[in-house]
Amino acid sequence: MTILVFTVLVAVSSFMAGLVGALTGLGGGVVLVPLLTMAFGVDIRYAIGASLISVIATSSGAAAAYVREGYSNIRIGMFLEIATTVGAILGAMIATMVSARAIAVIFGVVLLVSAYLSSRKQREQPTAEECGSLSEKLRLSGSYPTPNGPRSYCVCNVPAEFSLMFTAGTLSGLLGIGSGAVKVLAMDQAMRIPFKVSTTTSNFMIGVTAAASAGLYLSRGYIDPGLAMPVMLGVLAGSLTGAKLLVKAKTKSLRLVFSLVIVALGIEMIINGIRGTL
Amino acid sequence: MNVHEWGDRRMELIIGILLRLGVMIAGAVVFFGAVIYLIRNGGAPLPDYKSFHGETVQLSTVEGILAGCRQFRGRAIIQLGVLLLIATPVARVVFSAVAFAFEKDKLYVCITLFVLAVLLFSLVGSSLG
């Protein structure tokens, strides 16, 4: 295979990964690492480096479209980034100490648990009185556009959410992914924010989280330009397309697709971890 | 709509433009580097990605990347685009800190500056180490 053929194939695959990543809030990373390692036979460390770069591109590219639509909540994002960035640095540091096989199995389990949680029945939308005082003190409540005008929401379980975000950040730094699944589900389930708000705010936070570990990865030599280039450009084009579709897509079908993607990835991760092929 | 919400909405719009600009510039630089890289090396056999070697100093440090760009090397120009992409979310956090300061929201200025400090620790700390 020549460099040109490889570049085109990786770019096309990355476009698809970016599309799915933006639609589900996962970020292209979780799809990309298995793809690059299994379909293209790339070493996991190069895959993680390229994936991390694509994660920044996905997040920033899609977030640029989302913030204009008014779905994402900047305060929730910024507040939770304290947890995700510190976690990301911790993750990047322990990446050198823990075996990739163990990480793959743990992460696969986390994805399956996440899929189970997202398939549970939705609770009633909480009112401001039901939420903790932290939501008001931190000014995390907000509103989002609906066909019937803006709808307001508030935020529950802030401490639980904060620790989940620390975990999401650690996984991001450890595996070079956005951990969008954990972020969306934490916001969806713990904070009980509307799905579109949690998806877009998650996407918004992923870039900052990935940037926190990207410096470490670059200086370690994990980021190869010949690989990062088609991945970044492909994912960027895919994520921008995905962002346009998300605003039109219905929440119900989005949630179903989201859960199926998580289950498939979880099983994939576990099998590869056990086999030692990741 | 209160003052905070109005300020937040404006901040969102400017952040949207900032992110778009950063990604567009980074993407254009990577694309430019890709054209040079593929014209010169497109027909060559694939480098060994199956085993990990780690990138050389020329492609893993800011000094090395800038030196390579001056020599018009495709791979170095791609890495410059990667650096610009990493800088985009950092610029977004810097802007948010300034915007929260204009809103006189001390709590969120502190939160944002903390996030910025963590990011700079990672970026500067790694280039020193």
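Residues numbered from 1 in each chain as written. Chains lettered and ligands numbered in written order. Predicted model: local features only at pLDDT ≥ 70, side-chain atom pairs only at ≥ 80, totals over all residues.

1. So, the overall build of chain A
For clarity, the cut-off: Strands here mean DSSP runs of E at least two residues long; helices mean DSSP runs of H or I at least four residues long; both are numbered from the N terminus. Burial is judged by counting other C-beta atoms within 10 Å of a residue's own C-beta: 20 or more means buried, 12 or fewer means exposed, and anything between counts as partly exposed, with every C-beta placed from the backbone. In this description, any two residues whose backbone-derived C-beta atoms lie within 7 Å of each other are considered to be in contact.
Helix and strand counts for chain A come out as eleven helices and two strands. The secondary structure elements of chain A, listed N-terminal to C-terminal, are α-α-α-α-α-α-β-β-α-α-α-α-α. Here chain A holds 278 residues, and the buried ones make up 63% of them. Put simply, of all contacts in chain A between residues at least 6 apart along the chain, 82% involve residues at least 24 apart.

2. Remarks on the overall build of chain B
To keep things clear, this is the line we draw: Throughout, the radius of gyration refers to the C-alpha atoms, and the reference size of a globule is 2.2 Å times the residue count to the power 0.38.
The number of helices and strands found in chain B is five helices and zero strands. Taken from N to C terminus, the helices and strands of chain B fall in the order α-α-α-α-α. A compact globule built from 129 residues would reach a C-alpha radius of gyration of about 14 Å, whereas chain B, at 19 Å, exceeds it by more than 25%. In terms of overall dimensions, chain B has C-alpha extents of about 60 × 30 × 30 Å along its principal axes. Relative to its 129 residues, chain B shows a buried fraction of 39%. A separation threshold of at least 6 residues defines the contact pool for chain B, and within that pool the share at least 24 residues apart is 59%.

3. A few points about the interface of chain A and chain B
The following threshold applies: Residue type decides the class: Asp, Glu, Lys and Arg count as charged, Ala, Val, Leu, Ile, Met, Phe, Trp, Tyr, Cys and Pro as nonpolar, and the leftover types, Gly among them, as polar.
Contacts between chain A and chain B engage 53 residues on the former and 55 residues on the latter. Contributions of two or more residues to the side of chain A that touches chain B are made by helix H1 (3–24), helix H3 (44–69), helix H4 (74–94), helix H9 (195–219) and helix H10 (225–248) of chain A. When residues of the side of chain A that touches chain B are assigned to their parent elements, the largest contribution, eleven residues, is made by H3 of chain A. Of the residues in the side of chain A that touches chain B, the class split is 32 nonpolar, 13 polar and eight charged.

4. What to know about the nonpolar core
One recurring pattern in soluble globular proteins: nonpolar side chains tend to sit buried together. So the rule is basically this: To count as a nonpolar core, a set of buried Ala, Val, Leu, Ile, Met, Phe, Trp, Tyr and Cys residues must be joined through C-beta atoms within 7 Å.
Among the nonpolar cores identified, the biggest contains 104 residues, and Ile 53, Ala 228 and Met 232 of chain A are the most heavily contacted of them. When near neighbours in sequence (up to four residues on either side) are disregarded, Met 232 of chain A contacts Ile 53, Ser 54 and Ala 57 of chain A together with Val 30 of chain B. Counting residues in each nonpolar core, the second largest holds six residues, with Ala 104, Val 261, Leu 265 and Met 269 of chain A among its members.

5. Details of unusual backbone geometry
Residue and element names in this part refer to chain B. Backbone geometry at Phe 72 places phi at a positive 65 degrees, although glycine is not the residue there. You can see Phe 72 is positioned in the loop between helix H3 (62–70) and helix H4 (74–102). By the C-beta count within 10 Å, which is 10 here, Phe 72 ends up exposed.

6. Thoughts on the confidence of the model for chain A
Basically, it comes down to this: Here pLDDT means the predictor's own confidence in every residue, given as a number from 0 to 100.
Residue-level pLDDT values for chain A average 77, and 79% of them are 70 or greater. The lowest-confidence element of chain A is helix H8 (residues 180–191) of chain A, averaging 66 in pLDDT; the highest-confidence one is H4 of chain A, averaging 89.

7. Structural notes on the environment of Leu 171 of chain A
Tracing the backbone through its elements, the reader meets Leu 171 of chain A in helix H7 (residues 158–175). Spatially, the C-alpha atom of Leu 171 of chain A lies 15 Å from that of Ile 270 of chain A, the residues being 99 residues apart in sequence.

8. Description of the packing of H4 of chain A against H9 of chain A
Residues and elements named next belong to chain A. Formally: The axes used here are C-alpha line fits, helices contributing only the stretch in contact, and every angle between their N-to-C directions lies in the interval 0 to 180 degrees. Every angle not falling under 35 degrees, over 145, or within 65 to 115 is termed oblique; those three ranges are roughly parallel, roughly antiparallel and roughly perpendicular. Here is the rule for handedness: rotate from the far helix to the near one, and if that takes an anticlockwise turn smaller than a right angle the crossing is left-handed, while a clockwise turn gives right-handed.
One can describe the packing of H4 onto H9 by two numbers: an axis separation of 9 Å at closest approach and a directional angle of 30 degrees. What the angle tells us is that H4 and H9 run roughly parallel. The interaxial crossing formed by H4 with H9 has right-handed handedness. Contact with H4, carried on its side by Ile 76, Gly 77, Leu 80, Glu 81, Thr 84, Thr 85, Ala 88, Ile 89, Gly 91 and Ala 92, involves Thr 201, Phe 204, Met 205, Val 208, Thr 209, Ala 212, Ser 213, Leu 216 and Tyr 217 of H9 and no other residues of that element.

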